Amino acid sequence: MKRGMNLKVNGLVREVYANPGETLLFCLRERLGLTGAKEGCGDGECGACMVLIDGQPRNSCLVLVGDVENREITTIEGLSADGGLTPLQEAFVAKGAIQCGFCTPGLVVSATALLSRNSNPSEPEIREAIAGNLCRCTGYAKIVEAIRAAACGEQCVREDGPLGTSVARLDAVEKVTGKAQFGADVSRPGQLWGAVVRSTRPHARIVGIDTARALAMPGVAAAVTGAELTPGLYYGVDLYDQQVLARDKVRHVGEPVALVAAETPELAAEAAAAVEVSYEDLPPVHDIDVALAPDAPLVHEDLLKYEAGWNAIREGNACSATYITRGDTDAALAACDRVFTHTFETQIIHQSYIEPHASLAEADADGKVTIWTTNQKPFAVRRYMSHALGWPMTKIRVIGMHIGGGFGGKLEMGLEPFAALLALKSRRPVKMLMSRKEEFQAANPRHASRITVTTGVNRDMKMVARRAEVLLDTGAYSGNGPTAVGLAMFLVTGPYHLDHVDLSGKAVYTNKASSGSCRGPGGPQAVFAGESQIDIIAREMGWDPLAFRLANVVEEGDVLGAGQRLQDVGVRECLEQAAAAVGWGREEEPDEGVGLACSWWT
Ligand code: FES
Ligand code: FES
């Protein structure tokens, strides 16, 4: 039950009308407009919501607002008395301790608390003090350096100069003060909160969806199901195989099947749980082996009917199959002194950006929708929405906010169409956030892979031929699987001169969350396989891994498997310099390992 409360925030007494059982984080952000504290997990794990309570750092997502009446609350917005930067904030800016900036307010708050109790902390003490603040971008070194600099009283001056000068990020000041606006930081008067009803089945026909019970709940304003959307419309990155809401069947646990909007996030979640979906289960396709078996259940029965951005071969559960051959690999392998075959597998990896997906949509009287969102490709989102909903692009305006880490995981459409649909239906602005659980269920992680590599070598250290089969598990929808497979096939040969290559690649549907870009789609999987095998061969043949690579690296004018002629080739020099830098061949220290891998990118 809401009641009036007085909160002492940043030296001022603020009156709020709130539920004492709501979190301090929600109250600060949504009732007082202090959005410097961020919600990364809502669960006490990430530290993005850190504030000071009576001078002590606390995760405000774990504190109930009713418990902090009459306590001194300090947020990032209140750290500087004069509106400028504290020496610590200056140090963060000058030392380059800020990248996406989503974690920055929390880190500054934790470090402020540390410096107030220990003016000269050691590096281990600094690391201990910020251990509860996760940063996905920086690697922490610059953050520790900034805190040390502030502790030592170092005058941190922001440089600004010509090329060659290490300048501060243009947006560093707004990020270090908590003023930078991320997807969830926008609010509109009268806004509702949206929630997604997600499939609980990996593969099933939808028999019926009943929203009546949800809509009867006081405070629930709208519900949307796929049946209300124009049928036959799809979107996708490479292949248009996905609908905004599942209509006839679901293809993974977590797939959106309906939407609700309500007065509070809690009520929206309750309403989503009250939507009744009945299913008729279908045999699930859990992995690549099942998917590629001759009698496998089809994840997409209409695969051959889908429109595509570019044409790839589609067969069974493979939404793209690609083949590249050059030379005569069979004959070359038969003539080699040794032939090695190995299979490498990698797993799904979520990009683990600290900021979850967040969008807010508002419709005007003409039905034109504005969406504030955390997305790496706002223009593509507009195109995808237009494709998937049949709306003209002029009806959709997408405003890209600061992004709290993306790493490729925010390249595809997320909550944008959901917020837009609910805003149109309810005629009120609608804000939506993905929980961390939803992120793991239904975002677009890196593809799991299975890559089999066969390489033929002669005793003179020359690699003669390579055959590779690249299989990427693209999950329920193609996402950028076809592109990722193409990139992986290009990379799996490595930057090595090969006269004979035989490559095949497939992006394979399974009943798992749809995979997507993650820092070089397809690249790490392919390089892990190709380069691991180089090391295995070197070990088996008794060759130095560096010498083996140098004996085979591409040179100026070489032609690759798919026919590209190379120019400006520096891989030999790169390897030699890298080897010199680590003292290749020297005796390793205890607890030290020195390894080498070599790759390239398109
Ligand atoms: Fe509070 Fe992550 S610790 S949002
Ligand atoms: Fe720390 Fe991006 S700068 S999460």
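Owing to the predicted nature of the structure, the values given are computational and were not obtained by experimental measurement.

(A) Broad picture of the packing of helix α2 (residues 87–94) against helix α5 (residues 141–151). Here α2 crosses α5 at 140°, and the two axes come no closer than 8 Å. Classified by the angle their axes make, α2 and α5 are oblique. Note on packing geometry: the crossing formed by α2 with α5 is right-handed. Between α2 and α5, the residues in contact are Pro-87, Leu-88, Ala-91 and Phe-92 and Ile-143, Ala-146, Ile-147, Ala-149 and Ala-150, respectively. When its residues are assigned to classes, the contact of α2 with α5 shows 9 nonpolar, no polar and no charged.

(B) Quick peek at helix α17 (residues 571–582). For α17, spanning 12 residues, the distance from its first C-alpha to its last is 17 Å, which sits close to the expected 16 Å at 1.5 Å a residue. Residues of α17 that are buried include every one of Val-571, Leu-575 and Ala-579, and no others. All buried residues of α17 project into a common sector of 70° when viewed along the axis, lining one side. Pointing more than 90 degrees away from the buried face of α17 are the exposed residues Cys-574, Gln-577, Ala-580 and Ala-581. Turning to α17, the residues buried within the fold contact α16 (545–550). Directly beyond the C-terminal end of α17, a positive phi value near 65° is found at Gly-583.

(C) Spatial organisation of the pairing of strand β6 (residues 192–198). With 7 of 7 residues buried, β6 lies mostly within the body of the structure. Alternating positions in β6 separate into two faces, Leu-192, Gly-194, Val-196 and Arg-198 on one and Trp-193, Ala-195 and Val-197 on the other, with burial throughout. Pairing between β6 and strand β10 (residues 256–262): 6 bridges, direction antiparallel. Among the inter-strand pairings, Val-197 is bridged to a residue of β10, identified as Ala-258.

(D) Here's a closer look at the pattern of salt bridges. Taken as a whole and assessed by the stated rule, the structure comprises 32 salt bridges. With a closest N to O distance of 2.9 Å, Glu-263 and Arg-428 form a salt bridge. Within this pair, whereas Glu-263 is found in the loop between β10 and α8 (265–274), its partner Arg-428 is found in the loop between α12 (416–426) and β18 (430–433), the two being separated by 165 residues in sequence. Relative accessible area serves as the criterion here: at 27%, Arg-428 is assigned to the partly exposed category.

(E) View of the pairing of strand β1 (residues 3–9). Sheet topology places β1 next to strand β2 (residues 12–18); 7 bridges connect them, and they run antiparallel. Within β2, the position partnered with Gly-4 by the bridge is Tyr-17. Where β1 folds back onto β2 in an antiparallel hairpin, the turn is made up of 2 residues, including Asn-10, whose phi is positive at roughly 50°.

(F) How the structure looks around the environment of Arg-14. Along the chain, Arg-14 falls in strand β2. Taking C-alpha positions, Arg-14 is 8.2 Å from Leu-32, a pair spaced 18 residues apart along the chain. Every residue in contact with Arg-14, bar those within four places of it in the chain, is listed here: Met-5, Asn-6, Leu-7, Val-9, Leu-32 and Leu-34.

(G) Structural view of the side chain of Thr-104. For Thr-104, the position within the fold is in helix α3 (residues 104–117). On the basis of relative accessible area, Thr-104 is assigned to the buried category, the value being 1%.

(H) The arrangement of unusual backbone geometry in detail. The backbone of Asp-54 shows a phi angle near 50°, a positive value even though the residue is not glycine. Checked against the element boundaries, Asp-54 lands in the loop between β3 (50–53) and β4 (56–59). The class of Asp-54 is partly exposed, set by a relative accessible area of 40%. Even without glycine at this site, Asp-591 takes up a positive phi of about 65°. Structurally, Asp-591 can be placed in the segment after α17. Overall, Asp-591 belongs to the exposed group, its relative accessible area being 87%.

(I) View of the nonpolar core. In terms of nonpolar packing, the biggest core is built from 53 residues, with Val-492, Trp-543 and Phe-548 touching the most fellow members. Listing elements by their share of this core, those giving two or more residues are β14 (338–346), β19 (448–457), β20 (463–475), α14 (481–492), β21 (500–509), α15 (523–541), α16 and α17. Residues in contact with Trp-543, not counting those within four places in the same chain, are Val-457, Asn-458, Arg-459, Met-461, Ile-537, Ala-538 and Phe-548. If you look at the next biggest cluster of nonpolar residues, it comprises 33 residues, including Tyr-235, Val-369, Ile-371 and Tyr-384.

Rules behind the numbers
- Residue positions are counted from 1 within each chain, in the order its sequence is given.
- Lettering for chains starts from A, numbering for ligands starts from 1, and both go in the order in which the items are written.
- Two thresholds apply to this predicted model, a pLDDT of at least 70 for residue-level local features and 80 or more for giving and counting side-chain atom pairs, whereas whole-chain, interface and lining totals are computed over all residues.
- Only hydrogens and water are set aside when side-chain values are computed; all heavy atoms of the structure are taken into account.
- Axes here mean lines fitted to C-alpha atoms, for a helix over just the part in contact, with angles spanning 0 to 180 degrees between N-to-C directions.
- Numbering of helices and strands runs from the N terminus; a helix is a DSSP stretch of H or I covering at least four residues, while a strand is a stretch of E covering at least two.
- An angle below 35 degrees is read as roughly parallel, one above 145 as roughly antiparallel, one from 65 to 115 as roughly perpendicular, and any other as oblique.
- What makes a crossing left-handed is the near helix being turned counterclockwise from the far one by less than a right angle; a clockwise turn instead makes it right-handed.
- We call two residues in contact when some of their heavy atoms are within 4.5 Å.
- Throughout this entry, Asp, Glu, Lys and Arg are counted as charged residues, while Ala, Val, Leu, Ile, Met, Phe, Trp, Tyr, Cys and Pro are counted as nonpolar. The remaining residues, Gly among them, count as polar.
- By definition here, a helix of n residues has an expected span of 1.5 Å times n minus one.
- For the exposure calls, accessible area comes from a 1.4 Å probe over protein chains only, and a residue counts as buried if that area is under 20% of its type's maximum, exposed if over 50%, partly exposed in between.
- For this quantity, the arc is that covered by the directions from the helix axis to the C-beta atoms.
- Following DSSP output, two strands are said to pair if at least two bridges run between them.
- Salt bridges are defined as contacts in which a side-chain nitrogen from Lys or Arg sits within 4 Å of a carboxyl oxygen from Asp or Glu.
- We call a set of buried Ala, Val, Leu, Ile, Met, Phe, Trp, Tyr and Cys residues a nonpolar core when their side-chain atoms join them within 4.5 Å.

Worth remembering: the numbers are spatial, not functional.
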